[in-house]
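# Inside the fold
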Amino acid sequence: LFGILTLRNGDLERQQADLDTQLGNLEAEKKNLSSIQAQTTQAIEETQALAGVFNQIKPWSAMAQDIRDRLPATVQLVGIKQVPLDPNQPASSTPGAAQPPVSGWIEIDGLANTFNDVNDFMLTLQRSSFLKADVTKLVSAELGEQKTMQLSEFPGLEDQSRPDIKPPKLPRRVAFKVRTALSDVPASELVRELNRKGAIGLVTRIEALKERGVIQPGASSPKPATSEGATQPNGATKP
């Protein structure tokens, strides 16, 4: 019996050694699995962050093209620039007041024939999918001075014996400034608009990310904040 027990103990010790070896291998595999899971999680987070960057891009070329397409024939753009936010300026606490965007304001300077033309431009601008309708406001609108057309080389203009020949007067125009901001609508929901405005590169990247499941197609499209025939509350007033 003692011999049998001795042999049995030896078998059990060998089995225990084998199990310890297997347990050590499993622990190593578990560590490798944890490392792989951590790398996978990091890769997913980086992919989602990259997709988020592409999904939040609003190309200036597409936005400028959209503004140009909405520009009435009687309105002329002078300049478009992005103004950074003042970090020392506190947010407005007034109920219903438009909060400043994160990326800063966009200021549009232009000239129009009449104040009504400025209001028409404001209404069409508020329907843009690239801009925030609730923060699109008219900052200023002033009727400029009447100017004289400069025609120094016009025949007879320099002749002092012909006082009846005078340079023609240009009509007075309205100089205005509009402040707005880029919308928060993801670029994946503006694929059709981006494609129409010529942002082919961004559209191709978004479609590739959609095919790989990185970006999920939006269920709804942004609705225009201003309806047809609406009245701009902060529009210019005639003097």
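Because the structure is a prediction, the values reported are computed rather than measured. (Residues numbered from 1 in each chain as written. Predicted model: local features only at pLDDT ≥ 70, side-chain atom pairs only at ≥ 80, totals over all residues. Heavy atoms only, no water.)

### Observations regarding the nonpolar core
Generally speaking, a soluble globular protein has its nonpolar side chains buried in company with each other. Membership of the largest hydrophobic core comes to 28 residues, with the highest contact counts inside it found for Met63, Leu125, Phe176, Val178 and Leu194. Filtering out sequence-adjacent residues up to four positions away, phenylalanine 176 remains in contact with Val75, Ile108, Asp109, Gly110, Leu111, Ala112, Val118, Phe121, Leu138, Ser140 and Ala141. (Core = buried A, V, L, I, M, F, W, Y, C linked by side-chain atoms within 4.5 Å. Buried < 20%, exposed > 50% of the residue type's maximum accessible area, 1.4 Å probe, protein only. Contact = heavy atoms within 4.5 Å.)

### Quick notes on the packing of aromatic side chains
Counting across every chain of the model gives 1 aromatic pair. Here phenylalanine 121 and phenylalanine 176 contribute two aromatic rings whose centre-to-centre distance is 5.9 Å and whose plane-to-plane angle is 55°, an arrangement assigned as tilted. In this pair, phenylalanine 121 sits in helix α3 (residues 115-126) while phenylalanine 176 sits in strand β4 (residues 174-180), placing the two residues 55 residues apart along the sequence. Pair check on accessibility: phenylalanine 121 and phenylalanine 176 agree, each one buried. (Phe/Tyr/Trp six-rings, centres within 6.5 Å; stacked < 30°, edge-to-face > 60°. Helix = DSSP H or I, 4+ residues; strand = E, 2+ residues; numbered from the N terminus.)

### Some details on helix α2 (residues 60-69)
Spacing of three or four residues puts side chains on the same side of an α-helix, whose turn is 3.6 residues. Within α2, the full set of buried residues consists of Ala62, Met63, Asp66 and Ile67. Projected down its long axis, α2 carries its buried residues within an arc of 135°, all on one side. Exposed and oriented more than 90 degrees from the buried face of α2 are Ser61 and Arg68. Against β1 (75-83), β2 (105-112), α3 and α4 (191-196) lie the buried residues of α2. (Arc of directions from axis to C-beta.)

### Here we look at the sheet that holds β2
In space, the 4 strands of this open sheet follow the order β1-β2-β4-β3, with antiparallel pairing throughout. Each of the sheet's edge strands pairs with one partner strand only, and the pair in question is β1 and β3 (137-143). Put simply, the sheet's adjacent strands are angled 15° from each other on average, direction ignored. Note: β1 against β2, 8 bridges, orientation antiparallel. (Pairing = 2+ DSSP bridges. Axes fitted to C-alpha atoms, helices over the stretch in contact; angles between N-to-C directions.)

### Looking at α3
The end-to-end C-alpha separation of α3 is 17 Å, in line with the 16 Å expected for 12 residues at 1.5 Å each. Where burial is concerned, most of α3 is hidden: 10 out of the 12 residues are buried. Among all positions of α3, only Phe115, Asp117, Val118, Asn119, Phe121, Met122, Leu123, Thr124, Leu125 and Gln126 are buried. Where the residues of α3 are buried, they touch α2, β1, β2, β3 and β4. (Expected span 1.5 Å × (residues − 1).)

### Structural notes on the side chain of aspartate 66
With respect to the secondary-structure elements, aspartate 66 resides in helix α2. For aspartate 66, a relative accessible area of 2% translates into the label buried. Reaching out from aspartate 66, the side chain makes a polar contact with the side chain of arginine 70 at a distance of 3.1 Å. Among residues more than four places away in sequence, those in contact with aspartate 66 are Ser128, Phe130, Glu193 and Lys197. (Polar contact = N/O pair within 3.5 Å; in protein donor to acceptor, adjacent residues only side chain to side chain.)

Read these as layout, nothing more, since geometry by itself doesn't imply function.
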